[in-house]
Amino acid sequence: MKIDVTHIDSEDTQIHGLPSAVFKDSEIFQQESETILRKGWVSIASAQQLKNVGDILPVRMGDASLIAIRSEDQKISVFHNVCRHKAAPIIDKPCRVRTLSCPYHRWAYKLDGSLRSAPKFFGNSDRELTEEEKSDKGLIEVRSVVWWDTIFVNISGDAEPFEDFIKPLDQILEGYDSNDLHRISSTEYESKSNWKLAVDNFLDGYHVPFVHSQAVRLNSVMNQEDLFLSDNIIGLKLPSGASDKPAKTDKPLPTFKHLNKDNIGTQQWFGIFPNTLLFVDPVWVQLIIVRPEAYDFYTETLTIYAANPDTMSPEYDKQRETLSNVLNHVNEQDIELLDKLQITRTSPEADKGILVQAWDQVNVKFHQIWLEKMKQQ
Ligand SMILES: [Fe+2]
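Going by what an unreviewed UniProt entry lists, the chain is known as Aromatic ring-hydroxylating dioxygenase subunit alpha and is assigned to Sessilibacter corallicola. Here is the UniProt Cofactor (unreviewed entry) comment for the chain, exactly as written: "Fe cation".

In structure tokens:
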């Protein structure tokens, strides 16, 4: 199958969403990897997953293999997980090390990515590489930034400055102190569905009282507002979402410090194009990082944060566990649904689907953003 995205009708997308073919085409996926995932700002992990110096997390992002490292100066850096000798992957699971050692020919790298040693580089000679000779053989670094504990990368290196990209969301979230976020849990998931379905689903408030009826009642979602912040950031808002819904824990958790009175009962959630899904409640934050690996496979990390450092005290041990269980249960329900949706949403009949004015406009905008980015390649 060959799909030319320049021929996808924008007006048709408005009504039916993106054609079913773009959810099941490996050439489209390759194109997404080369354009959207490499040229934009994509998230790969939570910074608090890397607690100590030497902590390393390998991730796949489209056709790229990356590692995030907490280096000696406590800073997080990101490199291609590709040895400079014969391109072997260096790290294959999360670990804590002082030296990164390639399993293929034992080229070794420091935590700052520079080459430490390459055994017998000159063959049958005692000579070692000089510092100058090593200087062009370090791991290839990727442009990265940490925002709201989320590690973002721009693989191509030439996307707009991150501050400009995120500014509209920074403005909306002024008054929420992201420095107070404390990680409660991170859970890994995988799904046999297209990554765009995960984004659609996160930005679909309509399904919530039906798929997650244990957590949310229909009348709690009736005042949903669409948020169109920029050509990269969209979302939804329930002005009294937190106050309308039953609390997730028996004892209420403390809110963000100094939170504006108007936001005490508010829930907002955002899709930061392409793969960052951020839910902000007055007392907790949920971050889902979707990592596409194939047109019908992605992995994701669901991280739950307390919005106030006091939540981390032993007094709230039980409530943190409950919160984590409740939110992970919701995510399991979503993944179960998405795995099935992959089959029907990629059938030709899906192209006759009718998107609804009242509920689906944020999904439509996501599809239009996708289309624009794919046409810009
Ligand atoms: Fe859901």
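Attention now moves to a nonpolar patch on the surface. On the surface, Y206, F210, L218, M222 and V356 cluster together into a nonpolar patch covering about 460 Å² of accessible area. Mapped onto the secondary structure, L218 falls in the loop between helix 7 (208-211) and strand 12 (225-228). Classification of L218 by relative accessible area gives partly exposed; the value is 42%.

A word on the coordination of the iron ion. Around the iron ion, the protein supplies H207 (NE2), H212 (NE2), D334 (OD) and D334 (OD) as donor atoms, at distances of 1.9 to 2.5 Å. Every donor counted, the four donor atoms about the iron ion form angles of 57 to 151° at the centre, which fits irregular coordination. Sequence spacing of the donor residues for the iron ion, all on one chain, is H-x4-H-x121-D. Of this pair, H212 sits in the loop between helix 7 and strand 12 while D334 sits in helix 9 (residues 317-345), and the two are 122 residues apart along the sequence. H212 gets classed as buried once you look at its relative accessible area, which sits at 2%. The buried category is assigned to D334, whose relative accessible area is 10%.

Once that is clear, we can look at the pairing of strand 12. Taken together, the four bridges between strand 12 and strand 13 (residues 233-238) define a ladder with antiparallel strand orientation. Each residue of the ladder has a partner; that of F228, found in strand 13, is I234. Between strand 12 and strand 13, which pair antiparallel and follow one another directly, the connecting turn spans four residues.

Here we take up the nonpolar core. Ranked by size, the top nonpolar core spans 67 residues in total, and within it I44, L66, I151 and W370 carry the most contacts. Among the elements that line this core, the one with the most residues is helix 10 (residues 361-376), at six residues. When we break this core down by domain, the ones giving at least three residues each are domain 1 (43-144) and domain 2 (160-376). Counting residues in each nonpolar core, the second largest holds 25 residues, with W41, F165, L173 and I233 among its members.

Once that is clear, we can look at the domain arrangement of the chain. Parsing the chain into structural domains produces domain 1 (43-144) and domain 2 (160-376). Summarising the inter-unit geometry, the C-alpha centres of domain 1 and domain 2 are found 33 Å apart. Tallying the contact residues gives eleven residues for domain 1 and 19 residues for domain 2. Together, the buried faces of domain 1 and domain 2 total about 1,100 Å²; carbon and sulfur atoms form 40% of this surface. Together, S43, Q48 and R60 form the three largest contributors to the area buried by domain 1 at its contact with domain 2, with a combined 45%. The interface formed by domain 1 and domain 2 contains one salt bridge. Linking R60 and E293 is a salt bridge whose minimum nitrogen-to-oxygen distance equals 3.7 Å. Put simply, domain 1 and domain 2 have eight residue pairs in polar contact (both at pLDDT 80 or more) between them. Of all the elements in the fold, those that place two or more residues in the side of domain 1 that touches domain 2 are strand 1 (42-46) and strand 2 (55-61). With four residues, the top contributor of residues to the side of domain 1 that touches domain 2 is strand 1. Its residues placed into classes, the side of domain 1 that touches domain 2 shows four nonpolar, five polar and two charged.

With that settled, consider the packing of aromatic side chains. Each aromatic ring pair is summarised here by two numbers: the centre-to-centre distance and the angle between the ring planes. Inspection of the entire model under this criterion finds 15 aromatic pairs. Ring centres of F152 and F162 lie 4.9 Å apart, and the angle between their planes is 45°; on these two criteria the pair is classed as tilted. With F152 in strand 10 (residues 150-154) and F162 in helix 5 (residues 162-172), the pair connects residues that are ten residues apart, well separated along the chain. Here F152 and F162 have matching classes, each one buried. A cation over an aromatic ring shows up here: K196 above the ring of F23, its NZ or CZ 5.2 Å from the ring centre. Directly above the aromatic system of Y316 lies the positively charged group of K251, at a separation of 4.9 Å from the ring centroid.

About the criteria used
Residues numbered from 1 in each chain as written. Predicted model: local features only at pLDDT ≥ 70, side-chain atom pairs only at ≥ 80, totals over all residues. Heavy atoms only, no water. UniProt positions renumbered as here; feature names shortened; annotations may be inferred. Patch = residues over 30% accessible without salt bridge, like charges linked within 9 Å, V, L, I, M, F, W, Y side chains within 5 Å. Areas by Shrake-Rupley, 256 points an atom, 1.4 Å probe, with all protein chains shown as cover. Salt bridge = Lys/Arg side-chain N within 4 Å of Asp/Glu carboxyl O. Helix = DSSP H or I, 4+ residues; strand = E, 2+ residues; numbered from the N terminus. Buried < 20%, exposed > 50% of the residue type's maximum accessible area, 1.4 Å probe, protein only. Donors = N, O, S within 2.8 Å, 3.2 Å for Na, K, Ca; no water. Tetrahedral: all angles 85-135°; square planar, octahedral: opposite > 155°, others 65-115°. Pairing = 2+ DSSP bridges. Core = buried A, V, L, I, M, F, W, Y, C linked by side-chain atoms within 4.5 Å. Domains from an automatic or database assignment. Contact = heavy atoms within 4.5 Å. Buried area = accessible area lost by both parts, 1.4 Å probe. Polar contact = N/O pair within 3.5 Å; in protein donor to acceptor, adjacent residues only side chain to side chain. Nonpolar A, V, L, I, M, F, W, Y, C, P; charged D, E, K, R; others polar. Phe/Tyr/Trp six-rings, centres within 6.5 Å; stacked < 30°, edge-to-face > 60°. Lys NZ or Arg CZ within 6 Å of the ring centre and 35° of its normal.

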